[in-house]
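Okay, here's what each chain looks like letter by letter:
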Amino acid sequence: MANNTNINIENLKNLLNTAFHGGAWHGPSVLELAKGLTVKEASFSAGNIHNIAELLYHITSWRLFAVKKMQGDENYNISDEKANWGNIGKIDQFELETLMMELTLSHDELIKELETKEDSFLQEIVPGAEYNFNTLLNGIIHHDLYHSGQIAIIKKLASKGGKAVDDDYTESRYFEDDLEDDFI
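Residues numbered from 1 in each chain as written. Predicted model: local features only at pLDDT ≥ 70, side-chain atom pairs only at ≥ 80, totals over all residues. Heavy atoms only, no water.

Engineer: Any chance you could break down the side chain of S148 for me, citing the residues and the numbers?
Structural biologist: Summarising the element assignment, S148 is placed in helix 7 (residues 133–159). For S148, a relative accessible area of 4% corresponds to the buried category. Excluding its chain neighbours within four sequence positions, the residues that come into contact with S148 are P28, S29, V30 and L33. (Helix = DSSP H or I, 4+ residues; strand = E, 2+ residues; numbered from the N terminus. Buried < 20%, exposed > 50% of the residue type's maximum accessible area, 1.4 Å probe, protein only. Contact = heavy atoms within 4.5 Å.)

And the structure:
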């Protein structure tokens, strides 16, 4: 990386917090999307995709991965599907609250660990990896944004009972015969 002048712990903490807690320019954060999440929404399955509960577990898993690596644990890894996604399926209210608590605590732990580091730490290579901590932590931010989009879409699908608006083509104006247009 040619210019390291803008790479610092405070910048990354700010970006991590806005992507997670809110106030980002792009729209809702992880917690803003998860706020008020119902058990039905968290468990909703649309085909062969992960549900929101599994996405939240996954986000938590990678925060814990980052924390373990920042603490110097070279051997810590997310090596299987269960450790990565949890394979949760349907959950109850207690499990959803526990998932939310673990997610929030993992973020707090990540920020707390960052507060013990100097800016130069960001250029250090992650134990057991070939990339530095700047790459890992920016990856956590990008990861949050990516999965936030998925959560938003799944919530919309869940609120419509799993039926996307465009699933019913007979409601489209392009399939109506009385419009007197050239589409048919």
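Engineer: How would you explain the packing of helix 1 (residues 9–20) against helix 7 if you had to name every residue and give the values?
Structural biologist: Two quantities define a packed helix pair, namely the angle between the helix axes and the distance between the axes. Running from N to C, helix 1 and helix 7 cross one another at 20°; their axes reach a closest spacing of 9 Å. One element, helix 1, and the other, helix 7, form an angle in the roughly parallel class. When the axes of helix 1 and helix 7 are compared, the crossing they make is left-handed. Packed against helix 1, whose contacting residues are L12, L15, L16, A19 and F20, the element helix 7 presents N134, L137, N138, I140, I141, D144 and L145 at the interface. Grouping the amino acids of the contact of helix 1 with helix 7 by side-chain chemistry returns nine nonpolar, two polar and one charged. (Axes fitted to C-alpha atoms, helices over the stretch in contact; angles between N-to-C directions. Parallel < 35°, antiparallel > 145°, perpendicular 65-115°, else oblique. Left-handed = near helix turned anticlockwise from the far one by under 90°. Nonpolar A, V, L, I, M, F, W, Y, C, P; charged D, E, K, R; others polar.)

Engineer: Go over the pattern of salt bridges with me, naming the residues and quoting the values.
Structural biologist: This model, assessed by the stated rule, comprises four salt bridges. For E10, the salt bridge goes to K13, with nearest N and O atoms at 2.9 Å. Of this pair, E10 and K13 both sit in helix 1, three residues apart, which is roughly one turn of the helix. For the salt bridge of R63 with D144, the shortest nitrogen-to-oxygen distance reads 2.6 Å. Residue R63 is located in helix 4 (residues 52–70), and its partner D144 is located in helix 7; the two are separated by 81 residues in the primary sequence. On the basis of relative accessibility, which here comes to 0%, the residue D144 falls in the buried class. Among the charged side chains, a network of salt bridges with common partners joins E10, K13 and E115. (Salt bridge = Lys/Arg side-chain N within 4 Å of Asp/Glu carboxyl O.)

Function-wise, these values are silent; they only describe arrangement.
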